[in-house]
Amino acid sequence: MPPPPNSSILITGCSSGIGQCLAFGLQRSGFNVIATCRKEEDCTHYRGNGIFSIPLDLDSSRSIDNAVQTTLEHTDGKLYGLVNNGAYGQPGAVEDLDRKTLREQFETNVFGTQELTNRLIPVMKPQQSGRIVQISSVLGFICLPYRGAYNASKYALEALSDTLRLELANSGIHVSLIEPGPIESAFRANSHEKFLANIDSGRSDHRERYQALLERLRSDQPVRFTLPAQSVLKVVKHALNSPNPKVRYRVTTPTRVFSVLKRLLPDRVLDRILSRIH
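First, a word on scope: everything that follows refers to the structure included in this document. (Residues numbered from 1 in each chain as written. Predicted model: local features only at pLDDT ≥ 70, side-chain atom pairs only at ≥ 80, totals over all residues. Heavy atoms only, no water.)

1. What to know about unusual backbone geometry
Consideration 1: Even without glycine at this site, Gln128 takes up a positive phi of about 55 degrees.
Consideration 2: The topology assignment puts Gln128 in the loop between helix H4 (99-124) and strand E5 (130-135).
Consideration 3: Unusually for a residue other than glycine, Phe225 sits at a positive phi of about 70 degrees.
Consideration 4: Mapping Phe225 onto the fold places it in the loop between helix H7 (207-218) and helix H8 (230-241).
Consideration 5: The class for Phe225 is partly exposed, based on a relative accessible area of 42%. (Helix = DSSP H or I, 4+ residues; strand = E, 2+ residues; numbered from the N terminus. Buried < 20%, exposed > 50% of the residue type's maximum accessible area, 1.4 Å probe, protein only.)

Following this line, the structure appears as C-alpha cells:
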C-alpha cells in the first residue's frame, strides 16, 4: 500500500547536499517533512521555506531525545518514515586514527543513528507500517585506502540494517539501504575539515600520499561518474512509496560496477584495483 497522504518523514543531516535535496523533494511530493540540522541557522532556512525543522546533533542523546519529543508533538505521535542521512567522512590512514577520532566517527554515523532509529521503531510498530531508509555508501561494501574510519562506520550501518530487517520481518516496517557512489554535495569540504582537525600529516609515514588526498578534498571539480543529489531522491522516493521496496538501491556507475566485481573477483585482484583509487 502507498503511504497515507501527508505522511510524516523525519530526515537527518539536512544542512546541505543529499539531505537538503531530500527535504525539499519529499516535501514537494506530498510528505510532511521534518528536516533536522546540527545548526539552528540551517533550521531557520527551512522554516522560512515552509518546512518544519528542528536541531539534531546525533552525537548527543539529549539532542536525540529533544528531537524525538518535538517531532512526535508535531505529528500527533505518528511517524511513517525515517531517513538516516546524517553522516560525515573522516579521512586518514588507519594507523593515524586515534581512539577519539575513530569514536567520533562512530558516534555520528553509527551510534547516534541507531539510537534515533531505536527511539522511533516503537512509534511505527503499533501502526504496523513504516519505512526506515539508511543512506549508506559504496564504501558500505568495499573499502578504499585512507577512508578506514568511514568504511568501518558504513559497514557497521549495513550490518545493523540487515539485522534490523530480519528482526522486523512481518512488522510492516521496511528497512532499505541506499548505496550511493560519488554525489554532488559538501562531503569533500567537510572531510577536509575533519582531516585538518584530527590527522597529524606531517609526522605520518603516509604524508606523501596525503598531499594527493588533500588536493582531491580541496578541489571543487567533480570526480568521474558524479551524479546530482536528485539521483538519490529518486530511489528514496521508491523506498518510501513502493509496496515492495528493495533491500538495497545502488546509485551511480561505480557502485553498480563494484557490487559485481566484489562478487566475481578474488580478493587480491580486487585489492589491486581498489589500491589505485585515491
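What follows continues from the structure just given.
2. Re the packing of helix H1 (residues 17-28) against H8
Consideration 1: The N-to-C vectors of H1 and H8 enclose an angle of 55 degrees; their axes lie 9 Å apart at closest approach. As far as their axial angle goes, H8 and H1 are oblique. As H1 packs across H8, the resulting crossing turns out to be right-handed. Taken together, the residues of H8 that come into contact with H1 (itself represented by Ile18, Cys21, Leu22, Gly25 and Leu26) are Gln230, Val232, Leu233, Val236, Lys237 and Leu240.
Consideration 2: Of the residues assigned to the contact of H1 with H8, the class counts are 8 nonpolar, 2 polar and 1 charged. (Axes fitted to C-alpha atoms, helices over the stretch in contact; angles between N-to-C directions. Parallel < 35°, antiparallel > 145°, perpendicular 65-115°, else oblique. Left-handed = near helix turned anticlockwise from the far one by under 90°. Contact = heavy atoms within 4.5 Å. Nonpolar A, V, L, I, M, F, W, Y, C, P; charged D, E, K, R; others polar.)

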